[in-house]
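What follows is the residue order along each chain.
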Amino acid sequence: MSSVPDVRVGDWEAVGLVAGREINTRLKSKAFVITTAATLLLLVGFTLVMKFVSGGSDATVGVSGGSVALEAPLKATATAIGQTIDTRQVDEAAGRAQVDSGELDALLVGDGGKIVVVVKKEIDEKLRNTLNVLAGQLALNQEISDLGGDPARVSQEVAGAKAEVRPLEPPYDYNGQQLVIGMIAGILIYMSLLINGQSVAQGVVEEKSSRVVELLLATIRPWQLMLGKVVGIGVVGLVQMAVIGGAGITAGLATGVLTISVSAAVSTVVWLVVWFLLGFFAYSLVFAALGALVSRQEDIGGVITPPLMFVILGYVLGISILPSDPGNKLVEVLSMVPLFAPTLMPMRLAMGGVPAWEAGLAVVLVVALIPGLVWLSGRIYRNAVTRSGAKVRLRDALRAS
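Since we're looking at a predicted model, the values are computed, not measured.

Before going further, it helps to examine the environment of Val-90. Checked against the element boundaries, Val-90 lands in the loop between strand 2 (85-89) and helix 4 (92-101). Look at Val-90 and you get buried, because its relative accessible area is 15%. Remark: the alpha-carbon pair of Val-90 and Leu-108, spanning 18 residues in sequence, is separated by 9.9 Å. Sequence-distant contacts of Val-90, defined by excluding residues within four places in its chain, comprise Val-63, Ser-64, Gly-95, Gln-98 and Leu-107.

Here is the structure:
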């Protein structure tokens, strides 16, 4: 008698086959291509808009006659109080015409001994503050001259006089670009977990409702099917995340919108990828298990809403608190809790100032949680995925043999 060779597929080979099927199917789908392209266009468009917006000044002021001497002091005063003012030397008649047409926000006239400003109707409050500070400086200089002093020397001494600050702890240096990058990182992580995580649950229900899962489970084990689906969709999400994050950082550096170092930009993308993988793997295991409890697509929302709320809550807390309070203690603590770390920690890391031990602890806790999720989700999936019809109760799926 001839023997039949054993053609059974190995455990990890089976996982690879399922993952490969998911990758091939989803990478070629129109939804993936359109979503990725649209996100890239929005991100690059946002970068270009920021380039044009950030390139302007707060006001353009004309100087004429004797007020030409105030051009340099005006710019210096504006810089000292955090404003950017462009100046333009014009004769008074042309300057008044340009103020009337809107080309100039204001025109300085007179002999330069005091501030006399011409505007069309009302003066911008920021520009008013700058001019008031300059007017005060001119008045002070005049008093110093009347007393026989040197206004230039006094101004130099005043400018160099600063309060000595002695913090008990060294402060973290957050700049505007880091804050923006942190918010963008949070949005990308949130959207990726939301879209790709739900895709796992939808894929499980689709196979269950079409009875395809019964054919697949005749060849491979339930945990192999579940893990292969999670890995496959995760790889697709990772590709999308890396493309979007890399393109965004590259566009920002190329246009000059981002002036952070290349190493800091690369670090942001790397952490973005790390936390996408950790967050997606942890949450998708849960979504796959809960998706196996139902047999209809319309029932998915009800079963995955509880874990999805942690993703949403972490994102909402980060996006609403961190821009105004990057060092918030509540967010700092929650960013190390595995349920919230995938959305909060990448925001904080992109902003900078996160101690290495906090980042390391957050990673370790999520990694330590994943084996438990694999076991728990595998048990629920195995006991529920072949049971069609009414929704399977979580308690029954957990205790079934």
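Now that the structure is up, let's keep going.
Moving on, we get to the UniProt feature "transmembrane region" (unreviewed entry) in the protein. Residues annotated in UniProt with the feature "transmembrane region" (unreviewed entry) correspond here to residues 31-53, 179-205, 226-249, 269-293, 300-322 and 354-376. Between the end C-alpha atoms of residues 300-322 there is a gap of 32 Å, over a span that is 96% helix and 0% strand. Within residues 354-376, the helical portion is 91% and the strand portion 0%, while the C-alpha atoms at the span's ends are 32 Å from each other.

Moving on: the nonpolar core. Generally speaking, a soluble globular protein has its nonpolar side chains buried in company with each other. Ile-189, Trp-275, Phe-280, Leu-293, Ile-304, Met-345 and Tyr-381 are the most contacted members of the largest nonpolar core, which totals 70 residues. For this core, the secondary-structure elements that each account for two or more residues are helix 1 (11-27), helix 7 (176-209), helix 9 (222-255), helix 10 (262-291), helix 11 (300-321), helix 12 (329-334), helix 13 (341-351) and helix 14 (356-384). Contact partners of Ile-189, with chain neighbours within four places excluded, come to Met-241, Leu-272, Trp-275, Phe-276, Pro-342, Thr-343 and Pro-346. Judged by nonpolar contacts, the second largest core, of 14 residues, contains Val-61, Leu-74, Ala-106 and Leu-127.

The next subject is the pattern of salt bridges. Tallied over the full model, the rule gives 9 salt bridges. Glu-22 serves as the salt-bridge partner of Arg-26, at 3.0 Å between the closest nitrogen and oxygen. Taken together, the residues span about one helical turn, with Arg-26 and Glu-22 both in helix 1 at a distance of 4 residues. With a relative accessible area of 23%, Arg-26 lands in the partly exposed category.

What counts and how
- Residues numbered from 1 in each chain as written.
- Predicted model: local features only at pLDDT ≥ 70, side-chain atom pairs only at ≥ 80, totals over all residues.
- Heavy atoms only, no water.
- Helix = DSSP H or I, 4+ residues; strand = E, 2+ residues; numbered from the N terminus.
- Buried < 20%, exposed > 50% of the residue type's maximum accessible area, 1.4 Å probe, protein only.
- Contact = heavy atoms within 4.5 Å.
- UniProt positions renumbered as here; feature names shortened; annotations may be inferred.
- Core = buried A, V, L, I, M, F, W, Y, C linked by side-chain atoms within 4.5 Å.
- Salt bridge = Lys/Arg side-chain N within 4 Å of Asp/Glu carboxyl O.

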